Amino acid sequence: MYTTALVTPSSDYPSEWRELSPWEIDKQALSAARAFRANNQKVSAVEFAMAKLDLEESVESFAKRSDRRLMEHDLADYIERKVLPSFSDPRIAKLPNKLRTCRVSGTFAKLPNGKKVTLWDQKCGLTRLCPDESRNETHRLISRYAPAIESYLSLHQDARAYSAVFTLPNCRDGLLKGALVEIYKRLNALRKLRKGGKLVFPELAGLITVVEAPRSAYSDWNVHLNAIIITDGYLDFAKLRRYWGFNVEISRVEGNTEQIVKALKEIIKYAVRITPVKSAEKSEQGKTRAPAMVEWPGRAWYEWYIAHVGWHRTRSYGCMFLNEKNREALSLPEETIRSINDDDLVILGRVHYDGNRYRVTLSELDLIKEKMSTTEATTNKEKNNNKGPP
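As the structure is a computational prediction, the values presented were derived from the model and not from experiment. (Residues numbered from 1 in each chain as written. Predicted model: local features only at pLDDT ≥ 70, side-chain atom pairs only at ≥ 80, totals over all residues. Heavy atoms only, no water.)

Peer 1: It is not clear to me how the overall build of the protein chain should be interpreted in this structure. Could you clarify?
Peer 2: Helix and strand content of the protein chain: 13 helices and 13 strands. Here the protein chain holds 390 residues, and the buried ones make up 42% of them. Once local pairs closer than 6 in sequence are excluded, the contacts in the protein chain between residues at least 24 apart make up 75%. When the accessible area of the protein chain is evaluated, it comes to approximately 22400 Å², of which 51% is carbon and sulfur surface. (Helix = DSSP H or I, 4+ residues; strand = E, 2+ residues; numbered from the N terminus. Buried < 20%, exposed > 50% of the residue type's maximum accessible area, 1.4 Å probe, protein only. Contact = heavy atoms within 4.5 Å. Areas by Shrake-Rupley, 256 points an atom, 1.4 Å probe, with all protein chains shown as cover.)

Next up, the structure:
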């Protein structure tokens, strides 16, 4: 079934070195400007007290981020020690450094709406490897597709939503890329399948799919598609399984916002566990313990990573392919790019990761300003008390 074997890269790759793009230069300059403001500004006693309260509210969030940084740095160590010695591929050479410098410093600030944010100096952008990037991608996809699903279900009386997992037999090492190609070939064939000139599944209105390829406990690849299926009318589960050819786990999703978001979170969830913690939890529960990423053989990790290079993990079809025409049909607003105006920010301080936890240094209290303010208030009070009779 799977024919694409692992190919060791040739040496004719472009050089690793390149000049910074204008966008990267602007980003570095902006981060430096924010850091300068945080380190050199003076704030009033009220602002300082509010910043401390804001920081206390963010302690739990920073603690969780610390755990994710440890995972990311463990993965960087793994790639450096187990993968790079065997594969001198420019596509993976810089990964350890990207992972180690991701979200290790930034500016702690408050938006005009009161929300506290950390404006990171550097992010890795590796959604398959970084827990924070994966979380951000999940939030982005949910905000994009949840309104579309809800809108379609409300506009079409017989419309229904289902959550499904399309499976294939596990494949051995060296055939992962072929399995990824195969599973999408099958899906496209299923969508377009005709008998007697008519579609076999005319009720299929749209799909959102997310491919996953974790390593199983038996040292092979468990390639499968998580999907949200939108239909116009009833979907025959048995018929779907029969034409797919392998098992399809499927269940109905209620049309309310909470259930739609829950279903999307389930299909977009972080694809592969980096560290053994979750795998150990499954083992304790009596479930099969699939190895965590840092427990894979170096060659297996390389195959997994290269198989996904240039590969769109999330894809949409039919009414869920949100081009201008479909967005208009679903009465969805135009997509806008959010931007932050630094003039509207309240800079509270700087954030640094020290290899174990995050530390926040708040901007300094303006003692001179406070002293002058207190002296002025005292002088005014004395003037009022010394006033004689009119």
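Peer 1: Quick question: what am I supposed to make of a nonpolar patch on the surface here?
Peer 2: Nonpolar side chains collect at one region of the surface, where Val 46, Met 50 and Leu 53 lie side by side and expose about 280 Å² of accessible area between them. Its place among the elements puts Val 46 in helix α2 (residues 45-57). Residue classification places Val 46 among the exposed residues on the basis of a relative accessible area of 60%. (Patch = residues over 30% accessible without salt bridge, like charges linked within 9 Å, V, L, I, M, F, W, Y side chains within 5 Å. Salt bridge = Lys/Arg side-chain N within 4 Å of Asp/Glu carboxyl O.)

Peer 1: I keep staring at the nonpolar core and nothing clicks. Help me out?
Peer 2: Buried together is how nonpolar side chains tend to be arranged in soluble globular proteins. Formed by 54 residues in total, the largest nonpolar core has its most connected members in Leu 129, Phe 166, Val 223, Trp 301 and Trp 304. Once residues lying within four places of it in the same chain are set aside, the contact partners of Trp 301 are Leu 75, Tyr 78, Ile 79, Val 83, Ile 92, Leu 95, Leu 129, Met 293 and Trp 296. Judged by nonpolar contacts, the second largest core, of 26 residues, contains Tyr 145, Val 210, Val 253 and Ala 263. (Core = buried A, V, L, I, M, F, W, Y, C linked by side-chain atoms within 4.5 Å.)

Peer 1: What should I look at first to understand the sheet that holds strand β3 (residues 116-120) in this one?
Peer 2: Backbone-to-backbone hydrogen bonds join strands into a sheet, with any given pair of strands oriented parallel or antiparallel. The strand order β3-β2-β11-β12 describes an open sheet built from 4 strands, whose pairing is antiparallel. Strands with a single pairing partner mark the edges of an open sheet, and in this sheet they are β3 and β12 (358-362). Strand-to-strand twist across the sheet, computed as the mean angle between neighbouring axes with direction ignored, equals 30°. Of the strand pairs in this sheet, strand β11 (residues 346-353) and β12 are connected by 5 bridges, and their pairing is antiparallel. The partner of His 352 across the bridge, within β12, is Arg 359. Against the sheet, α2 touches β2 (105-110), β3, β11 and β12, its axis set at about 170° to β12. (Pairing = 2+ DSSP bridges. Axes fitted to C-alpha atoms, helices over the stretch in contact; angles between N-to-C directions.)

Peer 1: Would you mind going over the confidence of the model for the protein chain with me for this structure?
Peer 2: Parts of the prediction with low pLDDT should not have their coordinates interpreted in detail. Here the protein chain shows a mean pLDDT of 83. Residues at 70 or above account for 81%. Overall, residues 1-18 carries pLDDT values under 50, and its contacts beyond four positions in sequence, including any with other chains, amount to 34 contacts. A low-confidence stretch, residues 367-383 stays under pLDDT 50, and its non-local contacts, those more than four residues away or across chains, total 3 contacts. (pLDDT = per-residue confidence, 0-100.)

Peer 1: Help me understand the sheet that holds strand β10 (residues 314-318), please; the structure alone is not making it clear to me.
Peer 2: Taken in spatial order, the 5 strands of this open sheet run β9-β4-β8-β7-β10, and their pairing is antiparallel. Either end of the sheet is taken by a strand with one partner, and the two such strands are β9 (248-253) and β10. Across the sheet, the mean angle from the axis of one strand to that of its neighbour is 15°, orientation sign disregarded. Relative to β10, strand β7 (residues 204-212) runs antiparallel, the two sharing 5 bridges. Across the sheet, Leu 207 pairs through a bridge with Tyr 317, a residue of β10. Sheet strands touched by helix α8 (residues 237-244): β4 (159-167), β8 (224-232) and β9. Its angle to β9, the strand with the most contacts, is close to 150°.

Peer 1: When you look at the packing of helix α3 (residues 59-83) against helix α11 (residues 298-308) in this model, what are you seeing that I'm missing?
Peer 2: Packed helix pairs are characterised by how far apart their axes lie and by the angle those axes make with each other. Direction vectors running N to C along α3 and α11 enclose 110°, while the axes themselves pass 9 Å from each other. As summarised for this structure, α3 and α11 are arranged roughly perpendicular, according to the angle between their axes. In this structure, the crossing between α3 and α11 has a hand that is left-handed. For the pair α3 and α11, contact is made by Leu 75, Tyr 78, Ile 79, Lys 82 and Val 83 and by Gly 298, Trp 301 and Tyr 302, respectively. (Parallel < 35°, antiparallel > 145°, perpendicular 65-115°, else oblique. Left-handed = near helix turned anticlockwise from the far one by under 90°.)

Peer 1: Which parts of the structure should I look at to understand α3?
Peer 2: Because each turn of an α-helix spans 3.6 residues, side chains separated by three or four positions in sequence point in the same direction. Over its 25 residues, α3 extends 35 Å from the first C-alpha to the last, a length consistent with the 36 Å expected when each residue adds 1.5 Å. Every buried residue belonging to α3 is among Phe 62, Arg 65, Ser 66, Arg 68, Arg 69, Glu 72, His 73, Leu 75, Ala 76, Tyr 78, Ile 79 and Val 83, and all of these are buried. (Expected span 1.5 Å × (residues − 1).)

Peer 1: Is there a simple way to explain the environment of Glu 295 in this structure?
Peer 2: In this fold, Glu 295 is placed in the loop between α10 (277-284) and α11. Taking the relative accessible area as the measure of exposure, Glu 295 reaches 37% and is therefore partly exposed. Residues Glu 295 and Tyr 78, spaced 217 residues apart in sequence, show a C-alpha to C-alpha distance of 8.8 Å.

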